[in-house]
Structure formats: structure tokens, C-alpha cells
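Structure at a glance
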Amino acid sequence: MPFAHITGWGMSVPEAVLTNDDLAKIVDTNDAWIRERTGIRERRIARENQFPSTLGAEAALKALEVANVQPTDVDLIICATSSPEHIFPATACLIQDLIGADKAGAFDLSAACSGFIYALNMAAQSIRSGSIKTALVIGTETLSRFVNWKDRNTCILFGDGAGAFVLQASEQPGGVFSAVMRSDGSGGDLLSIPAGGSRHPATEAAIHAGSHYIHMDGREVFRFATRVMASSTKEALDVAGWTVDQIQHIVPHQANIRIIEAAARGLKLPMDKFVVNLERYGNTSTASIPIATVEAATSGRIKPGDKLVMVGFGGGLTWGALTAEWTGPLPSERKVKPQKGSTLRRARSFLRRILRFIDGLLSPREL
Ligand code: ACO
């Protein structure tokens, strides 16, 4: 049975920074409260022309370059997102087109902030089964578009960004070892975007009521999160047959520093085992675990051979944890050129639309 190795990683965040002081100018809050209660100092906010697909494609191309893999070698793209661009088409398909992954299947996975762990596990299982060889897993968000900028309970928390991993099959032991995925739909109302789906379509009344924004019971989500972070880490470690002492790094979902500190206490681990960057990005939902991992790998903190756990929680309710041994790029004869040429990719996508149009004109109409 092949192993599923993490061989490439990349991230992309918008340039625009929104600080706590900036937020204090629009809602009744202040820097000291936000830092003390959440640990967040600033977050990135997408420009009008930045979307989950564009941020996700940038992160994906960087990940492919690290892995030394061409977009056309990718078999499967799973995009975890809590702020999909549409109900359909899937954001994964938009990314597939932007990067020119012509042979890949592509779909979105909706498990809120646990989405990246779920997606990584699904991609790893597809590789382990032998049905595919190369997968791209992306977590990408512009949650700022679903935030009510008048609600101080939520607008201080979220930020935009994307992170991506390349997974590849290899007979060498390593890569993803175990995962646990859990859910409890009875808590769905604790964290939701009530309108915009088929139950409460985006009517004028729904928008007037603000039901298209993120709604959250912060205290209950906090209580749930502190309960599941340590327990799911332990479960994933048990499945892998690893002890907590064997782990070099824990990459938690970056929601609130107090939740991460509670997990550290629950696992009896020092905080320096936890990769934390939430002070600079806030909660980027599905992108938070890959962004934190990418920064740690790029700085050399996470090294080949290191054992790590990724653990998260989110709306649904969902939660989960995954163990992996860090690999890095697989040895390869050929060197893939840096992933540039977006003009070429755009031209090819445009050409396809034109060809589809001409084909439609020439095809005989059926009654
Ligand atoms: N600035 C100043 N004061 C505030 C703010 C603010 N931004 N927000 C709330 N307060 C006030 C409240 O009104 C309250 O005042 P009161 O005592 O007079 O009523 C007081 O501060 C304490 O409010 P709490 O809600 O008890 O504050 P808490 O310490 O629980 O922190 C927070 C709130 C940060 C939201 C916390 O509950 C939390 O992090 N929860 C988890 C949220 C989370 O992780 N969500 C994302 C999940 S992932 C996903 O799927 C998207």
C-alpha cells in the first residue's frame, strides 16, 4: 500500500492588513481586549479582485513548485473552504482552471474550520488506496465577505488567506499516518451563516436581517473547542501508535490563543511545541492550519522526518486531528520550471470557452 507524503506547500495572503486599532475605529472594541481575549493583533483582508480561487491558485502553484510537480500531473484537487465563491461551481474547479490542472478531478469540501484536516485525510486515503498518485489539498478563504463589520463578537476574529499542500504516493514509509474526523450536528446553530442556502435563500428580508453574515455563540464554541482539541489529538496519536512525547510539533487551528493554551494544558505539553501565528492572521478558517504549517516549514522549524499533529474544530460542529511525518520534495530526475505564465493559462481557459461556444453554434439542435 503506498504512503501519502506531503511533498509541497505554499500560501498566499492578501497584502492589506487590518489592525485591532483599525477595528476600534468601526466597532466598540480596543486592542488590549482583543489581544488579551484572543491573542490576535492583525489580520489580512482581501482586495475586491481577490477571491478564494485566486488566493488558492497562488498557494497551489507555490506548493507545486516546492514539490517539483506540474499542474498536469495532479489527479485530484480538494478545496476546503468556508467561504466558497458560489454554491456551484466548486471553488476547486475554478482553481483547477486557473492553474491548468487538466487531468484532475476537483471538488469542494465543507467542514468549516476542520475542513483542511478532513480534506487532507480524504486525499491521503485516495493515495493510500492506490487510486491516485498526486493530490492538491487547498484551504482558502475570504471570510471577510461574510463578516458583519458591526458585530464586535465576530469581526475581530476572522481574516483572509490560503494554504496548500501537494500529496504524493511513495512506497517509502512516511507522510500521513492517521486521522480522526468527528461531528455533532446538534451544535450546528452555534456557528453558522443562516441565509444564502436553499433553506433561507438570499432574499431581501434575509439580507435586511443580516442572516447572510456569520452568527456565532462565542462562549459555547469556546467551551466545545477546549474540550475537543486535546481529546482528538490523543485519539489520532493512539491510531498512529505514537505517544505525545514523540511529537515535535502540533499545528492547531488558529482561532484563539486561550483555546490553544487549554489544549497544551490538556496534553501536558509546553506551548513551544505548538505552531502559532494567529497574532498576524487571525482565524483564517480552513487556511489557518496550512498557513501555519507553511510558515513553520519555510523557516526550517518543521524539518523532514519530524512528526506532527494537525488539529482543528469548527462549525458543523466538526473537529478532527491528523498525524504525519514531514517529508519534503521527493527525489526527481526532472526539474519543473517555476510556476509562472498565468497569461498563458488565462489564454487557454479563454480559448476553451470560445471553442465551446463555436461547438454550440455548429452542433445540430435537438428538440
Ligand atoms: N471588544 C470588547 N468587548 C467585547 C468584545 C470586543 N470585541 N466582544 C465581546 N465583548 C464583551 C462582551 O460584550 C462581554 O461584556 P459583558 O460582560 O458586559 O456582557 C465581555 O466582553 C465578555 O464577553 P464574552 O463573550 O464572554 O468574551 P469571551 O472571553 O468568551 O471572548 C470570544 C469572546 C473571543 C469570541 C471567545 O468566546 C472565543 O474565542 N470563542 C471561540 C470562537 C471561535 O473560535 N470561533 C471560530 C470557530 S472556527 C469556524 O468554524 C469558523
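Scroll up for the structure.
The following refers to the structure shown.

Quick look at the site of the ligand
What surrounds the ligand is a group of 25 residues, the closest being T29, A112, G218, A255 and G314. Mapped by element, the contributors of at least two residues to the shell around the ligand are α2 (31–38), α6 (152–155) and α8 (218–240). Among the elements that line the shell around the ligand, the one with the most residues is α8, at five residues. The class makeup of the residues in the shell around the ligand is twelve nonpolar, ten polar and three charged.

Section: the nonpolar core
What tends to happen in soluble globular proteins is that the nonpolar side chains get buried as a cluster. Counting 111 residues, the largest nonpolar core has A60, A63, I77, I78, V137 and I138 as its most contacted members. When neighbours within four sequence positions are excluded, I138 is seen to be in contact with G56, A59, A60, I77, C79, A80, I95, A162 and A164.

Side note on the packing of helix α3 (residues 52–67) against helix α4 (residues 91–99)
In a packed pair of helices, the relevant descriptors are the angle between the two axes and the axis-to-axis distance. Two elements in contact, α3 and α4, have axes separated by 9 Å at closest approach and are oriented at 55°. As the angle between them shows, α3 and α4 are arranged oblique. The hand of the α3/α4 crossing is right-handed. For the pair α3 and α4, contact is made by P52, S53, G56, A57, A60 and L61 and by T91, L94, I95, L98 and I99, respectively. Within the contact of α3 with α4, the residues separate by chemical class into eight nonpolar, three polar and no charged.

Considering the sheet that holds strand β1 (residues 3–12)
The five strands are arranged β1-β7-β6-β4-β5 in an open sheet whose pairing can be described as mixed. The sheet is open, and its two edges are formed by β1 and β5 (105–109), each paired on a single side. Recorded for the sheet is a direction-independent mean angle of 20° between the axes of neighbouring strands. Sheet topology places strand β4 (residues 76–80) next to strand β6 (residues 134–141); five bridges connect them, and they run parallel. When the sheet's bridge partners are listed, C79 is paired in β6 with I138. In the packing of α4 onto the sheet, contacts are made with β4, β5 and β6, and the angle to β4 comes to roughly 130°. Of the strands in this sheet, β1, β4, β5, β6 and β7 (161–170) touch helix α5 (residues 115–128), which is tilted by about 165° from β4.

Calculation rules
Residues numbered from 1 in each chain as written. Predicted model: local features only at pLDDT ≥ 70, side-chain atom pairs only at ≥ 80, totals over all residues. Near = placed C-beta within 6 Å. Helix = DSSP H or I, 4+ residues; strand = E, 2+ residues; numbered from the N terminus. Nonpolar A, V, L, I, M, F, W, Y, C, P; charged D, E, K, R; others polar. Core = buried A, V, L, I, M, F, W, Y, C linked by C-beta atoms within 7 Å. Buried ≥ 20, exposed ≤ 12 C-beta atoms within 10 Å, placed from the backbone. Contact = placed C-beta atoms within 7 Å. Axes fitted to C-alpha atoms, helices over the stretch in contact; angles between N-to-C directions. Parallel < 35°, antiparallel > 145°, perpendicular 65-115°, else oblique. Left-handed = near helix turned anticlockwise from the far one by under 90°. Pairing = 2+ DSSP bridges.

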